[in-house]
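What follows is each chain in one-letter form.
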Amino acid sequence: MRKIVIAGNWKMHKTQAESLEFLQGFMPSLEETSQEQEVVLCAPFTALNVLSKNLHGSRVQLGAQNVHWEAYGAYTGEISGPMLTEIGVRYVIVGHSERRQYFGETDETVNLRLKAAQRYGLTPILCVGESKQQRDAGETESLITMQLEKDLVDVDQQNLVIAYEPIWAIGTGDTCEPKEANRVIGAIRSQLTNPHVSIQYGGSVKPDNIDEIMAQPEIDGALVGGASLEPASFAQILNYKKDAG
Ligand code: 13P
């Protein structure tokens, strides 16, 4: 059974105070959210501890946005798996295109981070996806095939979520056509050894397009940026209408 996983990626947004304010508006709306669905909030490192304390006993899982491959050491600016699990973090985003684009993340470091996440008991959310240029050049499949081949070396596919995030759809309002996202996600699944891996779509997911996205048979959830910052819009996404499309 593939699990539905809907995760908010807050990126570099929200102080501790703002995170708590979000919870006040957000938690009541979860009563309408299907119990089968996994709800994840991937917050900045500084907000994780306070969120963990306030989410204790709730159904919301906490996620981080990066993890280093060593448990400790001289790695200024990095955070390790044990530091995250100690405060109750369960998920971690690895290989987001913003890290690949702006912070020199490579498929090799993505692979190291994925293995470390699993080693320390976290479930990684691996992000893959093509740029506009790559899509226009017809390289979408070959690029993603290459990313998966390199990123997933020695990675346990029993403890993994993948997010297909076309770079051109991130933060642009230019959502990938749901049927096309479904097609690419099917192609991703065909490369996996475990067909039960949950594969999300990410890139300008909003309350007004989530029903059609979730109606696609290959799509098992969403990784939501901007629309996860407001309690009302993230709740609307979580409470999407089934059987739409
Ligand atoms: P937006 O939903 O803001 O387009 O961001 C998507 C994303 O990058 C989630 O990781």
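In short, a report on the structure.

Reading guide: rules and limits
- Residues numbered from 1 in each chain as written.
- Predicted model: local features only at pLDDT ≥ 70, side-chain atom pairs only at ≥ 80, totals over all residues.
- Heavy atoms only, no water.
- Phe/Tyr/Trp six-rings, centres within 6.5 Å; stacked < 30°, edge-to-face > 60°.
- Helix = DSSP H or I, 4+ residues; strand = E, 2+ residues; numbered from the N terminus.
- Buried < 20%, exposed > 50% of the residue type's maximum accessible area, 1.4 Å probe, protein only.
- Core = buried A, V, L, I, M, F, W, Y, C linked by side-chain atoms within 4.5 Å.
- Contact = heavy atoms within 4.5 Å.

**Some points on the packing of aromatic side chains**
Geometry of an aromatic ring pair is reported as the spacing of the ring centres plus the angle between the planes.
Working step 1: Tallied over the entire structure, the rule returns five aromatic pairs.
Working step 2: Ring geometry for F26 and F234: centres 5.5 Å apart, planes at 25°, overall stacked. Pair noted here: F26 is in helix α1 (residues 16-26) and F234 is in helix α10 (residues 231-238), with a separation of 208 residues, a long-range link.
Working step 3: F26 gets classed as buried once you look at its relative accessible area, which sits at 0%.
Working step 4: Looking at F234, the relative accessible area reads 0%, which means it is buried.
Working step 5: Grouping aromatic residues by their ring pairs yields a cluster made of W10, F22, F26 and F234.

**Topic: the nonpolar core**
Soluble globular proteins tend to bury their nonpolar side chains together.
Working step 1: F26, I162, I188 and Y201 are the most contacted members of the largest nonpolar core, which totals 60 residues.
Working step 2: With near-sequence residues (within four places) excluded, I162 lies in contact with L126, V128, L148, I188, L192, V197, S198, I199 and Q200.
Working step 3: In terms of nonpolar packing, the next biggest core, distinct from the first, is built from eleven residues, V40, I125, A163 and L223 among them.

Spatial relationships are all this shows, so hold off on functional conclusions.
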